[in-house]
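# Descriptive analysis of the structure
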Amino acid sequence: MAHKVFENEILSNKLNDILLTRVDLNNYLTIDTSMVEEAGMKKVINVYTSTGEVEELGMGEGNSGEIEVSFEPREYEAKTYQGKFAFYDEQEMKDPMIVDAGLQHSGDIMTNKWTSLAIAEMEKATLAETAEAWGFEVVVDAIAKMNMEDETGLFLLISPADKAAFRKALKDDLSYSEGFVRTGYIGSVAGVPVVVSKAVPAGKGYLATKEAVTVFVKKEAETEYQRDADKRHNAYFVRKVGIVALTNENKIVKIAIGA
């Protein structure tokens, strides 16, 4: 077995925080359970984009172009993600905490996986903003690129590695409301809540609404237990089946700092 069983007095020092992020990204994604009712493991997703701008016109002038919306069909296949945690009775008798820790970490690792998939889809964004350093203008310019009349629902994800620089650069432009409580929330800029997540790479930011990325659930997360009574061997399996996809490129701007 790969497990290391430690004495209780030093065990707490060995259980490192393996979470990529403690922010529940479900708050920032669209959850679609339609695949649960559908047959098959594949789904064609229309990814929408728009082009065109509003124009300032004088008397007798007309628009030189039009605002157009198009979509690109993309086929995704649902994947099965599974983790296994196993231990012997003797290990549990020596240190009961190993079971709780193993199960907790199994769930955390599954969360990490789906969080990483979501961030990977955000990285595919076609709308982009680049700057040498964080600043109020960077956020405002990124918001402007989304051409949204109603900016309700926007959020900005940044990396912990950028948190200090972000705070120093924004200063008084970074406001905080006691009524807005969310793990990882550090304030808001131009009315947009800023959330820190370890899943975001350093020097990157994602300004988006939850419509940008969708999780299509084929099978909800489940846990299965198996036991070999003769060998006193126990195993827990955690699994989840689904698709994570960028579904609306108009609803996300990828920000690169230092580019």
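The paragraphs below set out a description of the structure included in this document. (Residues numbered from 1 in each chain as written. Predicted model: local features only at pLDDT ≥ 70, side-chain atom pairs only at ≥ 80, totals over all residues. Heavy atoms only, no water.)

## Focus on the packing of aromatic side chains
- Under the defined criterion, the tally for this structure stands at six aromatic pairs.
- Arranged with centres 5.4 Å apart and planes meeting at 70°, the rings of Tyr81 and Trp114 form a pair that is edge-to-face. With Tyr81 in strand β4 (residues 79-88) and Trp114 in helix α4 (residues 97-122), this residue pair connects regions lying 33 residues apart in the sequence. Summarising the burial analysis for this pair, Tyr81 and Trp114 share the class buried.
- Measuring from centroid to centroid gives 4.8 Å for Tyr225 and Tyr236, while their planes differ by 40°, and the two rings are tilted. Taken together, the residues Tyr225 in strand β10 (residues 213-228) and Tyr236 in strand β11 (residues 233-246) connect sequence positions 11 residues apart.
- Grouped by ring-pair contacts, the aromatic residues Phe85, Phe87, Tyr225 and Tyr236 constitute a single cluster.
- In this arrangement the basic side chain of Lys240 is found over the ring face of Trp114, its NZ or CZ atom lying 5.0 Å from the centre. (Phe/Tyr/Trp six-rings, centres within 6.5 Å; stacked < 30°, edge-to-face > 60°. Helix = DSSP H or I, 4+ residues; strand = E, 2+ residues; numbered from the N terminus. Buried < 20%, exposed > 50% of the residue type's maximum accessible area, 1.4 Å probe, protein only. Lys NZ or Arg CZ within 6 Å of the ring centre and 35° of its normal.)

## Concerning unusual backbone geometry
- Phi is positive for Ala190, close to 55°, though the residue is something other than glycine.
- Locating Ala190 in the fold gives a position in the loop between β7 (185-189) and β8 (192-196).
- You can call Ala190 partly exposed: its relative accessible area is 38%.
- Although it is not a glycine, Arg232 adopts a positive phi angle of roughly 55°.
- Position of Arg232 relative to the elements: it lies in the loop between β10 and β11.
- Relative accessible area serves as the criterion here: at 35%, Arg232 is assigned to the partly exposed category.

## Some remarks on the sheet that holds β11
- If you walk across this open sheet you meet the four strands as β1-β10-β11-β4, and the pairing is mixed. The sheet is open, and its two borders are formed by β1 (30-32) and β4, each paired with just one other strand. Looking at each pair of strands side by side, their axes are set apart by 30° on average, direction ignored.
- Sheet topology note: the β1/β10 ladder contains three bridges and is parallel. Its bridge partner being in β10, Thr30 is matched across the sheet by Thr214.
- Sheet strands in contact with α4 are β4, β10 and β11, and its direction is about 15° off that of β11. (Pairing = 2+ DSSP bridges. Axes fitted to C-alpha atoms, helices over the stretch in contact; angles between N-to-C directions. Contact = heavy atoms within 4.5 Å.)

## Things to note about the environment of Lys145
- Inspection of the secondary structure puts Lys145 in helix α5 (residues 136-145).
- With 17 residues separating them in the primary sequence, Lys145 and Ala128 have C-alpha atoms 8.2 Å apart.
- Sequence-distant contacts of Lys145, that is, excluding residues within four places in its chain, are made with Leu127, Ala128, Glu129 and Val253.

## Remarks on α5
- Residues Val138, Val139, Ala142 and Ile143 constitute the buried set of α5. Seen along its axis, α5 keeps its buried residues to an arc of 130°; they face one direction. Exposed residues pointing more than 90 degrees away from the buried face of α5 are listed as Glu137 and Ala144.
- Elements that come into contact with the buried residues of α5 comprise β5 (127-131), β6 (155-158), β7, β8, β9 (204-208) and β12 (252-257).
- Of the residues flanking the end of α5, it is Asn147, one or two places downstream, whose phi is positive at about 50°. (Arc of directions from axis to C-beta.)

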